[in-house]
Amino acid sequence: MANSFSLTRKTEMDKGPVSLRQVDEEICAHFNVPHTNDYYHSWFDTIGFELATGRFFADIITQCHQDMEASPLSYRYYEHKLKIAEYLDKHFVSDRWSWEIRTIKESTEDKLAHSSAIDQLLSERMIFFENKIKDGDDVFIDRVAELSMLLDTVFKKHPILRERYAESLKERFEKLRK
């Protein structure tokens with residue numbers, strides 16, 4: 001099961017999640033360090049991982065304090081991680097979700113019923129995708145990239161689905177580029 005998370009500004013909850021790259025740029029500005037292609041102090045790989053697995057900022061902050069006491073040689077690392085976690089907690093609300101891929105072990109009729117439901121869902125989602133891409137929503141575009149990896153896994157397991165949806169998806173995305 002793949003876990004993920006998002007961060008939404010506490011002051012702009014109605015605008016939805018912020019791009020994690022944007023969050024990283026803001027962290028770098030706050031700590032007065034240059035922004036690079038890597039997440040500052042690997043916060044995405046540590047704090048982000050913990051958020052994606054269901055931990056709260058308060059848990060992460062408490063754990064940083066405990067780790068600072070338990071590991072004096074790593075004190076500065078945990079102190080810096082703590083400062084980043086406190087910054088994020090002060091400015092953002094975290095949300096997490098999971099993706100799960102299951103093999104369908106059902107009768108052909110049940111599979112066709114699922115296929116029909118998938119058709120309907122994809123049609124509805126495509127309209128939503130098209131609107132988000134037209135709006136230039138960077139957070140959404142990041143999530144589409146994650147979804148494309150998930151779909152790639154599904155299509156590898158079920159090649160007939162790739163053939164079935166590929167042309168339709170291609171045509172719709174080509175319309176967006178015009």
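Keep in mind the model is a prediction, meaning the values are calculated, not measured.

A. Expanded view of the packing of aromatic side chains. Applying the stated criterion across every chain, the model contains 6 aromatic pairs. One aromatic cluster is present, formed by Phe5, Tyr39, Trp43 and Phe44 through successive ring pairs. Over the ring of Tyr39 we find Arg21, and its NZ or CZ is 4.3 Å from the ring centre.

B. Spotlight on helix 1 (residues 20-30). Those residues of helix 1 that sit buried are Leu20, Val23, Asp24, Glu26, Ile27 and Cys28. The opening residue of helix 1, the one whose side-chain oxygen lies 3.2 Å from the backbone nitrogen of Arg21, is Ser19. Phi turns positive one or two residues past the end of helix 1, at Asn32, with a value near 55 degrees.

C. Here's a closer look at the pattern of salt bridges. Applying the stated criterion across every chain, the model contains 6 salt bridges. Here Glu26 makes a salt bridge to Arg9, at a shortest N to O gap of 2.7 Å. Pair noted here: Glu26 is in helix 1 and Arg9 is in strand 1 (residues 2-9), with a separation of 17 residues, a long-range link. The burial state of Glu26 is the same as that of Arg9; both residues are buried.

D. Inspection of the nonpolar core at higher detail. With 25 residues, the main nonpolar core has Leu7, Val23, Ile27, Trp43, Ile47, Ile84 and Leu88 as its most contacted residues. For this core, the element with the most residues is helix 4 (residues 75-91), which contributes 6 residues. Not counting the four nearest positions on each side in its chain, Ile27 is found in contact with Tyr40, Trp43, Ile84, Tyr87 and Leu88.

E. Representation of the side chain of Glu26 in the model. Since its relative accessible area comes to 17%, Glu26 is described here as buried. A distance of 2.9 Å separates the side chain of Glu26 from the side chain of Gln22, its partner in a polar contact. If near-sequence neighbours (up to four positions away) are discounted, Glu26 is found in contact with Arg9, Tyr87 and Phe92.

F. Here's a closer look at the environment of Asp89. As for its placement among the helices and strands, Asp89 is situated in helix 4. Along the backbone, Asp89 and Leu7 are 82 residues apart, and their C-alpha atoms lie at a distance of 9.8 Å. Beyond its immediate chain neighbours, meaning those up to four positions away, Asp89 contacts Lys10, Phe57 and Ile61.

G. Highlighting the environment of Lys81. Mapped onto the secondary structure, Lys81 falls in helix 4. Residue Lys81 is classed as buried on the basis of its relative accessible area, which comes to 9%. Taking the C-alpha atoms as reference, Lys81 lies 8.5 Å from Thr46; in sequence the two are 35 residues apart. With near-sequence residues (within four places) excluded, Lys81 lies in contact with His41, Thr46, Ile47, Glu50, Ile60 and Cys64. Engagement of the side chain of Lys81 in a polar contact is seen with the side chain of Glu50, the distance being 2.8 Å.

H. Main features of unusual backbone geometry. Even without glycine at this site, Asn32 takes up a positive phi of about 55 degrees. Among the residues examined, Asn32 registers a relative accessible area of 71% and is labelled exposed. A positive phi angle, close to 55 degrees, is found at Ser42, a residue other than glycine. Assessed through its relative accessible area of 35%, Ser42 is described here as partly exposed.

What counts as what
Residues numbered from 1 in each chain as written. Predicted model: local features only at pLDDT ≥ 70, side-chain atom pairs only at ≥ 80, totals over all residues. Heavy atoms only, no water. Phe/Tyr/Trp six-rings, centres within 6.5 Å; stacked < 30°, edge-to-face > 60°. Lys NZ or Arg CZ within 6 Å of the ring centre and 35° of its normal. Buried < 20%, exposed > 50% of the residue type's maximum accessible area, 1.4 Å probe, protein only. Helix = DSSP H or I, 4+ residues; strand = E, 2+ residues; numbered from the N terminus. Polar contact = N/O pair within 3.5 Å; in protein donor to acceptor, adjacent residues only side chain to side chain. Salt bridge = Lys/Arg side-chain N within 4 Å of Asp/Glu carboxyl O. Core = buried A, V, L, I, M, F, W, Y, C linked by side-chain atoms within 4.5 Å. Contact = heavy atoms within 4.5 Å.

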